[in-house]
Amino acid sequence: MFRPTYPIRTARLALRPVTLDDLDDVHAYQGRPDVTRWMLDAGPRSREQARASVTAMAGEDALRAEGDCLTLAVVADARVIGTVELVWRSAADRTAELGYVLHPDQQGRGLATEAATALLDWGFGGFGLHRVYARCHARNEASARLMARLGMRREACHVESYLFRGEWADRLVFAILAREWRERRQPRE
């Protein structure tokens, strides 16, 4: 079993497992159409749907086997403002997929970048990943910009590769290797 030492602290944030006590904070953003706009098969969530989501995320506190998801609450000023996650896609290839969501009221301040950076530091360092990738709808410009800020390179645009709300949609794929991450994180002289 692989799990970070909690909480993971950054300059402005703490990352820790989601708990059932986080329901109000999580529902505050999961209930918004601007948050679920780019999520596959998801619309604004009711409180009961958010409760089911929080219950599922509360069990995602470690990576036990390939396919598992590690979901961490992003906490600022004692409130959950979003989540970051790593999905363990391949043990043999030491690959994971990065995901994130942040309350729109907290966007534009670099908090998503800070949270994702902390999780990637653990993924490449503590967990020993070789490669991390992330995907987004091709029109989700904010997500693509975040991946670029993390130093991920755009590797592909899969044209009409999936059904999104009843229409064929393009998907962007970004990725970064452990050696690239380490080079990026080393202090400049």
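Up top you'll find the structure we're talking about.
Described in the following lines is the structure provided in the data block. (Residues numbered from 1 in each chain as written. Predicted model: local features only at pLDDT ≥ 70, side-chain atom pairs only at ≥ 80, totals over all residues. Heavy atoms only, no water.)

A separate point is the sheet that holds strand E6 (residues 131-137). Note on sheets: strands pair through backbone hydrogen bonds, and any given pair is parallel or antiparallel. Taken in spatial order, the 8 strands line up as E1-E2-E3-E4-E5-E6-E8-E7 in an open sheet, and their pairing is mixed. Looking at which strands have only one partner, the edges of the open sheet turn out to be strand E1 (8-9) and strand E7 (153-164). For strand E2 (residues 14-17) and strand E3 (residues 69-76), the ladder comprises 4 bridges, and the chain directions are antiparallel. When the sheet's bridge partners are listed, proline 17 is paired in E3 with leucine 72. Relative to the sheet, helix H4 (residues 111-124) contacts E1, E2, E3, strand E4 (79-90), strand E5 (95-102), E6 and strand E8 (167-177), its axis offset from that of E4 by approximately 35°. Sitting on the sheet, helix H5 (residues 141-149) touches E5, E6 and E8, and the angle it makes with E6 is about 160°. (Pairing = 2+ DSSP bridges. Helix = DSSP H or I, 4+ residues; strand = E, 2+ residues; numbered from the N terminus. Contact = heavy atoms within 4.5 Å. Axes fitted to C-alpha atoms, helices over the stretch in contact; angles between N-to-C directions.)

A few words now on the packing of helix H1 (residues 23-30) against helix H3 (residues 47-58). Close contact between H1 and H3 brings their axes to 9 Å; oriented N to C, the two are set at 120°. As the angle between them shows, H1 and H3 are arranged oblique. Judged by the twist between their axes, the crossing of H1 over H3 is right-handed. Contacts from Leu23, Asp24, Val26, His27 and Gln30 of H1 reach H3 at Arg47, Ala50, Arg51, Ser53, Val54 and Met57. Looking at the contact of H1 with H3 residue by residue, the class counts come to 5 nonpolar, 3 polar and 3 charged. (Parallel < 35°, antiparallel > 145°, perpendicular 65-115°, else oblique. Left-handed = near helix turned anticlockwise from the far one by under 90°. Nonpolar A, V, L, I, M, F, W, Y, C, P; charged D, E, K, R; others polar.)

What follows deals with the environment of arginine 94. Positionally, arginine 94 belongs in the loop between E4 and E5. Arginine 94 sits in the partly exposed class, given a relative accessible area of 44%. For the pair formed by arginine 94 and phenylalanine 174, sequence separation is 80 residues and the distance between their alpha carbons is 16 Å. (Buried < 20%, exposed > 50% of the residue type's maximum accessible area, 1.4 Å probe, protein only.)

Applying the stated rule across the entire model yields 15 salt bridges. With a shortest N-O distance of 2.7 Å, arginine 47 and aspartate 24 are connected by a salt bridge. Taken together, the residues span a long stretch of sequence, with arginine 47 in helix H3 and aspartate 24 in helix H1 at a distance of 23 residues. Across the pair glutamate 180 and arginine 153 runs a salt bridge, and its minimum N-O distance is 3.0 Å. With a gap of 27 residues between them, glutamate 180 in helix H6 (residues 178-185) and arginine 153 in strand E7 connect regions that are remote in the sequence. Among the residues examined, arginine 153 registers a relative accessible area of 30% and is labelled partly exposed. Within this structure, Arg131, Arg153, Glu155 and Glu180 form a network of salt bridges that share partners. (Salt bridge = Lys/Arg side-chain N within 4 Å of Asp/Glu carboxyl O.)

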